[in-house]
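# Descriptive analysis of the structure
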Amino acid sequence: MEAVLFERIPAANGSEVGVIVLNQPKWLNGLSLEMAQAVTRQLVLWRDDDRVRVVLLRGQGEKAFCAGGDLQSFYRHIPEPGMPIWSSEYLRTFFRDEYILDYMIHTYPKPIVCWANGYVMGGGAGLMMGCSHRVATETTRFAMPEISIGVVPDVGASWFLNRMPEFFGRLLGMTGMSINAADTLFLGLTQYVAHSSQWNQLLQDVQAESWGTHREENDVLLEQVIRRLTSADIPDGVMQRSTKAIQSACSGPDFLTIYGNMLRWESGDEEVLGQAAQRMKSGSPGSVRLTFELLKKGRFLSLADAFRLEYIAALNCAGNPDLKEGIRALLIDKDRSPAWVPATINEADACFVARYFEPPWPPGEVHPLASLGAG
């Protein structure tokens, strides 16, 4: 079975629409290196083809658009203890090529629609956030759950989490909590909500239009098409309901104070925030602290520089025992009892944090993403 499906469908005036389907529903469409490379190659072809005017992107099945990266492959390619992370060609290539794809989607010269049905997590969020038109459904569950496996939110998260209403990105990154479609609209992660049954209607409506050669006109026309779909009936989200509590707890520059504020939600009245606090407490202490610092460092970076920063941090995390332990506890032994190192927040101090922002490659090597954004 092909891991990604590609199709060109005709539109009304002889133009074409490109359709990309992530085709690994058994694994919730988790993104592998091969999938990322295949999507990149296809987008390059369609970018340079004047007949293709719009691109649609979705995941196969009803459960997920894309629930993250291919963790099983990650697990197999983590170097043995004592070996440098740079020795894993798979991991350094995966992060490089995944980020190149994400950046390409952000800067693509043609409209891309993301049908964000079901789980949108980690690497799936990286794909979605670059799309010009992002459609949630009543089944959407968005999360950046990296602290649960011992890494940090990446795929551009240090850029896009910093561009939502203040401190909400800090909450999502440090807790890994999942949010619904109403929350994604409130935070600007998506712009539209449709019913999950309306994918075929979207496809038909897109085919019925006459797409032009000007990007701006196609953007407007595509928005009109999407807004004609019936909005799904979705419950209110916790983000808007708890804005004051979130901003009060997550404001300020001091990590330990913010961490303590969020832990107090465990005994509060808002069940969802209490669950977020519990998730943070059970996650990798090192990842929680690193997430806070990554978002501080990424606050004023360009998108390309954010990807360069994340490449260093993510690859260093992959060389840390927590990633292998997190995947083991979640997917291999499934005991959900990881033994994190460091084991406590206080041990994840400034010295611990600093080494994760040091380039992991040999002296004299050029950053693998040095050319990102150039030209």
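Residues numbered from 1 in each chain as written. Predicted model: local features only at pLDDT ≥ 70, side-chain atom pairs only at ≥ 80, totals over all residues. Heavy atoms only, no water.

### Side note on the sheet that holds strand β4 (residues 64–66)
Heads up, the condition is: What makes two strands pair is DSSP finding at least two bridges between them. By the criteria applied, helices consist of DSSP H or I runs no shorter than four residues and strands consist of E runs no shorter than two, each listed in order from the N terminus. Lines fitted to C-alpha atoms define the axes here, with helix axes fitted over just the stretch in contact, and angles between the N-to-C directions of these axes take values from 0 to 180 degrees.
A sheet is described by the order of its strands in space; here three strands give the open sequence β4-β6-β8, paired in parallel fashion. Taken across any chain shown, the strands that pair with only one partner, and hence form the sheet edges, are β4 and β8 (141–143). Each adjacent strand pair in this sheet contributes to an overall mean axis angle of 15 degrees, direction not counted. Relative to strand β6 (residues 119–121), β4 is paired through two bridges, and the arrangement is parallel.

### Section: the packing of aromatic side chains
Definition in use: Aromatic pairing here means that ring centres of Phe, Tyr or Trp (its six-membered ring) are within 6.5 Å. Orientation follows from the plane angle: under 30 degrees is stacked, over 60 is edge-to-face, and everything else is tilted. We call a charge positioned above a ring when the Lys NZ or Arg CZ atom is no farther than 6 Å from the ring centre and deviates by at most 35 degrees from the ring normal.
On inspection of all chains with the given rule, the structure shows 16 aromatic pairs. Feature note: the residues F74, W86, Y90, F94, F95, Y99, Y103, F307, Y311 and W361 constitute an aromatic cluster, connected by ring pairs. For R92, the ring lying beneath its charged end belongs to W86, and the centroid distance is 4.8 Å. The ring of F357 is capped by K297, whose NZ or CZ atom sits 5.0 Å from the centre of that ring.

### Comments concerning the UniProt feature "domain: Enoyl-CoA hydratase/isomerase" (unreviewed entry) in the protein
This is how the line gets drawn: UniProt positions are given in the numbering used here, feature names are shortened, and annotations may be inferred rather than shown by experiment.
UniProt records the feature "domain: Enoyl-CoA hydratase/isomerase" (unreviewed entry) for residues 17–357 in the present numbering. When the span residues 17–357 is considered, its composition is 50% helix and 11% strand, and the gap between its end C-alpha atoms is 41 Å.

### Looking at the pairing of strand β7 (residues 133–137)
Here is the rule we go by: Per-residue accessibility, obtained with a 1.4 Å probe over protein chains only, is compared with the maximum for each type, and a residue is labelled buried under 20%, exposed over 50%, and partly exposed between these values.
Among the five residues in β7, five count as buried, and that is most of the element. The alternating pattern of β7 places H133, V135 and T137 on one face and R134 and A136 on the opposite face, and all of these are buried. Pairing of strand β5 (residues 112–116) with β7 involves four bridges; the strand directions are parallel. For A116, the partnering residue across the bridge sits in β7 and is A136. In this structure, β7 lies alongside strand β9 (residues 192–194), joined through three bridges in parallel fashion. Looking at the pairing, T137 lines up with A194 of β9.

### Observations regarding the environment of G298
Basically, it comes down to this: Whether two residues are in contact is decided by their heavy atoms: any pair within 4.5 Å suffices.
Along the chain, G298 turns up in helix α14 (residues 285–298). Under the relative-accessibility criterion, G298 is labelled buried at 0%. Considering only alpha carbons, one finds G298 and L309, eleven residues apart in sequence, at a separation of 7.6 Å. Setting aside anything within four residues of it in sequence, one finds G298 in contact with S158, N162 and L309.

### Some points on the state of the cysteines
Under the convention used in this document: Criterion for a disulfide: a pair of cysteine sulfur atoms at a distance within 2.5 Å.
Inspection of the entire model under this criterion finds zero disulfides. Looking at C317, it has no disulfide partner, and the nearest cysteine sulfur is the one in C351, 17 Å off.

### Points about the sheet that holds strand β3 (residues 52–59)
One open sheet holds the six strands; their spatial order is β1-β2-β3-β5-β7-β9, and the pairing between them is mixed. Whereas interior strands pair on both sides, the edge strands pair on one side only; in this sheet they are β1 (4–10) and β9. With direction set aside, neighbouring strand axes in the sheet form an average angle of 20 degrees. Looking at chain direction, β1 and strand β2 (residues 16–22) are connected through seven bridges and run antiparallel. Residue pairing in the sheet places I9 in a bridge with V17 of β2. On top of the sheet, helix α1 (residues 33–47) reaches β1, β2 and β3; it is set at about 20 degrees to β1, its chief contact. Of the strands in this sheet, β3, β5, β7 and β9 are in contact with helix α9 (residues 215–227), which crosses β7 at around 10 degrees.

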